[in-house]
Amino acid sequence: LIKEFKSGASKSLLLDYRSCPQEQSEAKLEQLSQWIEICRKKEIPFALQLPDQYLATGMGVRHVKRSLEELAKFKKVDS
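These numbers come from a predicted model, not from an experiment.

Asker: An account of the pairing of strand E4 (residues 53–58) is requested, with residue identities and associated values reported.
Answerer: Note: strand E3 (residues 46–50) against E4, four bridges, orientation antiparallel. Within the sheet, the bridge partner assigned to Leu-48 lies in E4 and is Leu-55. In this structure, the hairpin formed by E3 and E4 is closed by a connection of two residues.

Asker: Before we move on, could you go through helix H1 (residues 25–42) and cite the residues and values that matter?
Answerer: Here H1 spans 26 Å end to end across 18 residues, near enough to the 26 Å set by a 1.5 Å rise per residue. For H1, the complete set of buried residues consists of Ser-25, Lys-28, Leu-29, Gln-31, Leu-32, Trp-35, Ile-36 and Cys-39. Projected onto a plane normal to the axis of H1, the buried residues spread over an arc of 160° and lie on a single side. In the segment just after H1, Glu-43 is the residue with positive phi, at about 55°.

Asker: Lay out the nonpolar core in plain terms, naming residues and giving numbers.
Answerer: In terms of nonpolar packing, the biggest core is built from 17 residues, with Leu-15, Leu-32, Phe-46, Leu-48, Leu-50 and Leu-71 touching the most fellow members. At the level of secondary structure, the elements contributing two or more residues to this core comprise strand E2 (10–16), H1, E3 and helix H2 (61–73). It is H1 that contributes the most residues to this core, five residues altogether. Setting aside chain neighbours within four positions, we find Leu-50 in contact with Tyr-17, Arg-18, Leu-32, Glu-70, Leu-71 and Phe-74.

Asker: Residue-level account of the side chain of Glu-70, with values.
Answerer: Position of Glu-70 among the secondary structure elements: in helix H2. Polar contacts involving the side chain of Glu-70 include one to the side chain of Lys-73, which spans 3.2 Å. Leaving out residues up to four positions away in the same chain, Glu-70 has contacts with Leu-50, Gln-53 and Leu-55.

Asker: Could you give me a rundown of the packing of H1 against H2, with the residues and numbers involved?
Answerer: Interhelical geometry of H1 versus H2 gives an angle of 175° and a closest axis separation of 10 Å. Here H2 runs roughly antiparallel to H1, going by the angle between their axes. Of the residues in H2, those in contact with Leu-29, Leu-32, Ser-33, Ile-36 and Arg-40 of H1 are Val-64, Ser-67, Leu-68 and Leu-71. Here the contact of H1 with H2 is composed, by residue class, of six nonpolar, two polar and one charged.

Asker: Give me the pattern of salt bridges: which residues, what numbers.
Answerer: Inspection of every chain in the model, using the stated rule, returns four salt bridges. The shortest N-O distance in the salt bridge between Glu-37 and Arg-40 comes to 2.5 Å. A residue pair is termed a helical-turn pair when its members lie 3 or 4 positions apart in one helix, as Glu-37 and Arg-40 do in helix H1 at three residues. Of the charged contacts in the structure, one is a salt bridge between Lys-65 and Glu-69, with a shortest N-O distance of 3.5 Å. Here Lys-65 and its partner Glu-69 are both found in helix H2, four residues apart, which amounts to about one turn of the helix. Where salt bridges share partners, they join Arg-66, Glu-70 and Lys-73 into one cluster.

Procedures and definitions
Residues numbered from 1 in each chain as written. Predicted model: local features only at pLDDT ≥ 70, side-chain atom pairs only at ≥ 80, totals over all residues. Heavy atoms only, no water. Pairing = 2+ DSSP bridges. Helix = DSSP H or I, 4+ residues; strand = E, 2+ residues; numbered from the N terminus. Expected span 1.5 Å × (residues − 1). Buried < 20%, exposed > 50% of the residue type's maximum accessible area, 1.4 Å probe, protein only. Arc of directions from axis to C-beta. Core = buried A, V, L, I, M, F, W, Y, C linked by side-chain atoms within 4.5 Å. Contact = heavy atoms within 4.5 Å. Polar contact = N/O pair within 3.5 Å; in protein donor to acceptor, adjacent residues only side chain to side chain. Axes fitted to C-alpha atoms, helices over the stretch in contact; angles between N-to-C directions. Parallel < 35°, antiparallel > 145°, perpendicular 65-115°, else oblique. Nonpolar A, V, L, I, M, F, W, Y, C, P; charged D, E, K, R; others polar. Salt bridge = Lys/Arg side-chain N within 4 Å of Asp/Glu carboxyl O.

Dropping the structure here:
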């Protein structure tokens, strides 16, 4: 569900929409927002992969805000 990358002493995560186990878009977006909140609280850098967009690894208030904004703007792709 989450890929971990290690470079030196720090680690970062890839939060990937397609890897979410949920089937509906809304549930996937909710899961991603929960993961973003966990990363924020634990100060873990993360990248966000959506079907049509990639946000590079980052952390901090601006990165979290941008990530959540992209989730809010995301167009549903349920089949």
